[in-house]
Amino acid sequence: QLQLVESGGGLVQPGGSLRLSCVASGFTLDYYAIGWLRQAPGQERKGVSCISSSDGSTYYADSVKGRFTISRDNAKNTVYLQMNSLKFEDTAVYYCVAVTDWTTVQEICRMPEYEYEYWGQGTQVTVSS
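Quantities reported herein were computed from a predicted structural model and do not represent experimental measurements.

Okay, the state of the cysteines next. What the rule picks out here adds up to 2 disulfides. Disulfide pairing places Cys22 opposite Cys96 at an S-S distance of 2.3 Å. For the disulfide bridge between Cys22 and Cys96, the dihedral angle about the S-S bond is near -95°, and by the sign convention the bridge is left-handed. Linking Cys22 in strand S3 (residues 18-25) with Cys96 in strand S9 (residues 92-100), this pair joins segments that are 74 residues apart in sequence. Residues Cys22 and Cys96 agree in their burial class; the two are buried. Covalent S-S linkage joins Cys50 and Cys109, the inter-sulfur distance amounting to 2.2 Å. Between Cys50 and Cys109, the S-S torsion sits near 85°, and that sign places the bridge as right-handed. Here Cys50, found in strand S5 (residues 46-51), pairs with Cys109, found in helix H1 (residues 105-110); they are 59 residues apart in sequence, far enough to count as distant.

Next up, the structure:
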């Protein structure tokens, strides 16, 4: 079936790193913008980082700029989120989403959730000492 499969979450100490992966199954991500959203305990889901399908344009929430890097490998049908210098406030469930690329990457990362066409199952990232 058509789905996104996430991996890479876990428990990490402050200052540590994790790399999240999201692999498309049953379809190609070539024509989709890809985003990472996260939901911290008691908080709304928010866009963390998004990447376009074509020119490689990226968006990062202010809270993760300089620490997180989004990338994609269309040959592997995979998107990655490299997370460095992790902080307590990065603790959240992280979701990979895909949507047909039709607008700016900034707008894609802030669009209503019903606009997203595919979702990963979510992966827990816990930053704790």
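Moving on, there is more to tell.
A separate point is the pairing of S5. One ladder, built from 5 bridges, connects strand S4 (residues 32-39) with S5; its direction is antiparallel. Among the inter-strand pairings, Ile34 is bridged to a residue of S5, identified as Ile51. Following S4, the chain reverses through 6 residues before pairing antiparallel with S5; Gly42 in that reversal takes a positive phi of roughly 75°. Both S5 and strand S6 (residues 58-60) contribute to a ladder of 3 bridges, which runs antiparallel. Along S6, the bridge assignment pairs Cys50 with Tyr59. Taking the residues that link successive antiparallel strands as the turn, the S5-S6 hairpin has 6 residues, and the phi of Gly56 there is positive, at about 80°.

What counts and what doesn't
Position numbers for residues count from 1 along each chain, tracking the sequence in the order it is written. Reporting of local features is limited, given that this is a predicted model, to residues whose pLDDT is at least 70; pairs of side-chain atoms are given and counted only at 80 or more, and all residues count toward the totals for whole chains, interfaces and linings. To obtain the side-chain values, all non-hydrogen atoms of the structure were included, while hydrogens and water were left out. We call a pair of cysteine sulfur atoms a disulfide when they lie within 2.5 Å. Counting from the N terminus, the helices are the DSSP runs of H or I reaching at least four residues and the strands are the DSSP runs of E reaching at least two. Type-normalised accessible area, obtained with a 1.4 Å probe on protein chains alone, sets the label of each residue: buried when under 20%, exposed when over 50%, and partly exposed for intermediate values. Only strands joined by at least two bridges in the DSSP assignment are considered to pair.

Everything listed is a geometric property; what it means functionally is a separate question.
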